[in-house]
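Descriptive structure summary
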Amino acid sequence: MTNALRARLLSLRPRTATGRDVVVAGVVAALNVIGFAGLEVLLAGGTAAELGLDVAAITGPARAGVYALLVAQSAALILRRRAPALCFTLAVLAQILMTPLLPDLVSIRGLATLVAAYAVGAYAPRRVAAVAIGAGAVAEALLTVALGGPAPIPDGGPAVNLLASLASAVAVYAVACFIGVYVGTRRQLLASLRAQVDAAAAEQQSRAERAVAAERSRIARELHDVAAHHLSGIVVQAAAAERLIATDPDRARESMQWIRTQGRLTLDNLRLVVGLLRGADDAEQTPQPGLADLDTLIDDARTADARVTDRVDGEPWDLGPTAELTLYRVLQEALSNARRHAPGRSIDIHREYTPSACVLTVRNPAPGRPGSDGTAGAPGSSGHGLVGMRERAQMLHGELTAGHVAGGAWQVRLTIPRPGGTS
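Residues numbered from 1 in each chain as written. Predicted model: local features only at pLDDT ≥ 70, side-chain atom pairs only at ≥ 80, totals over all residues. Heavy atoms only, no water.

Quick notes on the side chain of Q332
Here Q332 lies in helix 12 (residues 321-341). Using a relative accessible area of 1% as the deciding quantity, one classes Q332 as buried. At 3.1 Å, the side chain of Q332 forms a polar contact with the side chain of R329. (Helix = DSSP H or I, 4+ residues; strand = E, 2+ residues; numbered from the N terminus. Buried < 20%, exposed > 50% of the residue type's maximum accessible area, 1.4 Å probe, protein only. Polar contact = N/O pair within 3.5 Å; in protein donor to acceptor, adjacent residues only side chain to side chain.)

Right, here's the structure in full:
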């Protein structure tokens, strides 16, 4: 029952700011009318006479005019958000026009003037609010005294009555305006904090999306490097074994054993990557390949009937885990491309350590004519291998070039700068 009533009330609530202002204006108008009607009841009941005050009765036309001005004053509140200064001006004007309609010693301040002063503080700029409140109080005090309003201090004289009226108007309007300023400032602060929270949430979401995209790219590189290297070797060896089955069964058997070994190694590496994705503890503790595994990688290529020469110049220095993994993966991809696109050809590997960088060069004879950009028709140029290698190099602020060189060879060159090294 309570929930249904609450839902019904919520459905009746105005959905726009103007609708809410209309409701406020209606409520204030009702309170103004009720308040003035209560004042009339008190005067008619002889309360003024009991206090020794000579108060004249309110005539019919004057009564109707006061009620009309109270309602009109309240109707001005519809503008309290869109034009708060105008709303306050209309409310004060209606308050002034009520002065000659009331008998001596009788005054009533419409509730709408207080709400309008509050609206000026809450919705108007601070300077506009100060000017409006000051001008409204002065105008009300001057015109009220000029129109013969009630004398707050009997026999005090026009000057005293003017000062008293001005002090009353300033005090009432200033307090209402100050409350409006406080509420408006607090509303702006909350809106600013909410905007900052929304901006921070959007930035966090953007960072999370970028992190997911980067991680997805990293995983794709790892899967490509692992699968492409081993599977390309398996395909080459399977083709060789197929040709040797009839002529050289022993060598065909060796090729099949190598294929089985490489297949098992491929499964182990894929389990490692999948384990990292799942967050398995044992997978996280498995070390990534580095410089110590380069010899094994080269030996595997030689086992797959590739003629590989390896040369190292300079004194090796500590690359770091990420750089070692990049060096390993680039060499792995280069060997895979060489076996796939130039099977049986020689592969030259050259590692050079200088004080400023580590340079890996892999070169092999490759048929085909380079295009205008130096990569058309190149091994792996239509896939993701070269893209992945370049991304790895860029992560280390290094450089990777791949393309045809003099003599019809295909060359992959990776340069990894040494942190703090000299050029």
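What follows picks up the thread again.
Points about the sheet that holds strand 3 (residues 357-365)
Strands sit in the order 1-2-3-5-4 across an open sheet of 5 strands; the sheet is mixed. Two strands lie at the open edges of the sheet, namely strand 1 (307-313) and strand 4 (399-405), each paired on one side alone. On average, adjacent strands in this sheet sit at an angle of 10° to one another, irrespective of strand direction. Of the pairings in the sheet, the one linking strand 1 to strand 2 (residues 346-353) comprises 7 bridges and is parallel in character. Within strand 2, the residue paired with D313 across the bridge is E352. Relative to the sheet, helix 11 (residues 294-303) contacts strand 1 and strand 2, its axis offset from that of strand 1 by approximately 155°. (Pairing = 2+ DSSP bridges. Axes fitted to C-alpha atoms, helices over the stretch in contact; angles between N-to-C directions. Contact = heavy atoms within 4.5 Å.)

Some thoughts on helix 5 (residues 84-97)
Its 14 residues place the ends of helix 5 20 Å apart at the C-alpha level, agreeing with the 20 Å of an ideal helix rising 1.5 Å per residue. For helix 5, the full list of buried residues reads P84, C87, F88, A91, V92, A94, Q95 and I96. (Expected span 1.5 Å × (residues − 1).)

Here we look at the nonpolar core
With 33 residues, the main nonpolar core has L331, I347, I349, L360, L400, V412 and L414 as its most contacted residues. Breaking this core down by element, the ones donating at least two residues are helix 11, helix 12, strand 2, strand 3, helix 13 (385-395), strand 4 and strand 5 (409-417). Looking at this core element by element, the count peaks at 8 residues for helix 12. Here I347 is in contact with A306, R307, V308, T309, L335, A338, V362, R363 and N364, once residues within four sequence places are set aside. Counting residues in hydrophobic clusters, the runner-up holds 22 residues, among them V28, C87, A91 and V92. (Core = buried A, V, L, I, M, F, W, Y, C linked by side-chain atoms within 4.5 Å.)

What about the pairing of strand 2?
Taken together, strand 1, helix 12 and strand 2 constitute a β-α-β crossover, and its handedness is left-handed. Sheet topology places strand 2 next to strand 3; 6 bridges connect them, and they run antiparallel. When the bridges of strand 3 are listed, H350 appears paired with T361. The antiparallel hairpin formed by strand 2 and strand 3 contains 3 residues in its connecting segment. (Right-handed = clockwise from strand over helix to strand, strands pointing away.)

Things to note about the packing of aromatic side chains
For any pair of aromatic rings, the description consists of the separation of the ring centres together with the inter-plane angle of the planes. As enumerated under the stated definition, the model contains 3 aromatic pairs in all. Judged by centre distance (5.1 Å) and plane angle (85°), the ring pair of F36 and Y67 falls under edge-to-face. With F36 in helix 2 (residues 17-44) and Y67 in helix 4 (residues 60-75), this residue pair connects regions lying 31 residues apart in the sequence. When its relative accessible area of 0% is taken as the criterion, F36 is described as buried. Between F88 and Y173, the ring centres sit 5.1 Å apart and the planes meet at 85°, which makes this aromatic pair edge-to-face. Of this pair, F88 sits in helix 5 while Y173 sits in helix 8 (residues 157-244), and the two are 85 residues apart along the sequence. In terms of burial, F88 and Y173 fall into one category: buried. (Phe/Tyr/Trp six-rings, centres within 6.5 Å; stacked < 30°, edge-to-face > 60°.)

Looking at the packing of helix 6 (residues 111-123) against helix 7 (residues 126-146)
For the pair helix 6 and helix 7, the least separation of the axes is 7 Å and the interaxial angle reads 155°. Taken as axis vectors, helix 6 and helix 7 run roughly antiparallel relative to one another. Counting all contacts with helix 6, which are made through A117, V120 and G121, the residues of helix 7 involved are R126, A129, A132 and I133. Here the contact of helix 6 with helix 7 is built from residues that sort into 5 nonpolar, 1 polar and 1 charged. (Parallel < 35°, antiparallel > 145°, perpendicular 65-115°, else oblique. Nonpolar A, V, L, I, M, F, W, Y, C, P; charged D, E, K, R; others polar.)

A word on the environment of E315
Mapped onto the elements, E315 comes out in the loop between strand 1 and helix 12. On the basis of relative accessible area, E315 is assigned to the exposed category, the value being 65%. Through-space distance from the C-alpha of E315 to that of E352 is 8.4 Å; in sequence the pair is 37 residues apart.

Quick look at the pattern of salt bridges
Within this structure, the stated rule accounts for 8 salt bridges. For E203, the salt bridge is made with R210, and the minimal N-O distance between the two is 3.6 Å. The salt bridge involving D310 is made with R351; its shortest N-O contact spans 3.0 Å. Taken together, the residues span a long stretch of sequence, with D310 in strand 1 and R351 in strand 2 at a distance of 41 residues. Taking relative accessible area as the criterion, D310 reaches 29% and is therefore assigned partly exposed. On the basis of relative accessibility, which here comes to 9%, the residue R351 falls in the buried class. A single network of salt bridges, built from pairs that share partners, joins D21, R80 and R81. (Salt bridge = Lys/Arg side-chain N within 4 Å of Asp/Glu carboxyl O.)

Some words on the confidence of the model for the protein
In this model, the protein carries a mean pLDDT of 78, and residues with pLDDT of at least 70 account for 76%. Confidence over residues 369-378 falls short of pLDDT 50; this stretch has 15 contacts with residues more than four positions distant or in other chains. (pLDDT = per-residue confidence, 0-100.)

Examining helix 12
Taking 1.5 Å per residue as the helical rise, helix 12 with its 21 residues ought to reach 30 Å, and the 30 Å between its terminal C-alpha atoms agrees with that figure. The buried count for helix 12 comes to 16 of 21 residues, which makes it a mostly enclosed element.

Describing a nonpolar patch on the surface
A cluster of nonpolar residues, V23, V27, L31, I34, L111 and L114, forms a patch on the protein surface that exposes about 490 Å² of accessible area. Those elements that place two or more of their residues in the nonpolar patch are helix 2 and helix 6. It is helix 2 that provides the largest number of residues to the nonpolar patch, a total of 4 residues. (Patch = residues over 30% accessible without salt bridge, like charges linked within 9 Å, V, L, I, M, F, W, Y side chains within 5 Å. Areas by Shrake-Rupley, 256 points an atom, 1.4 Å probe, with all protein chains shown as cover.)

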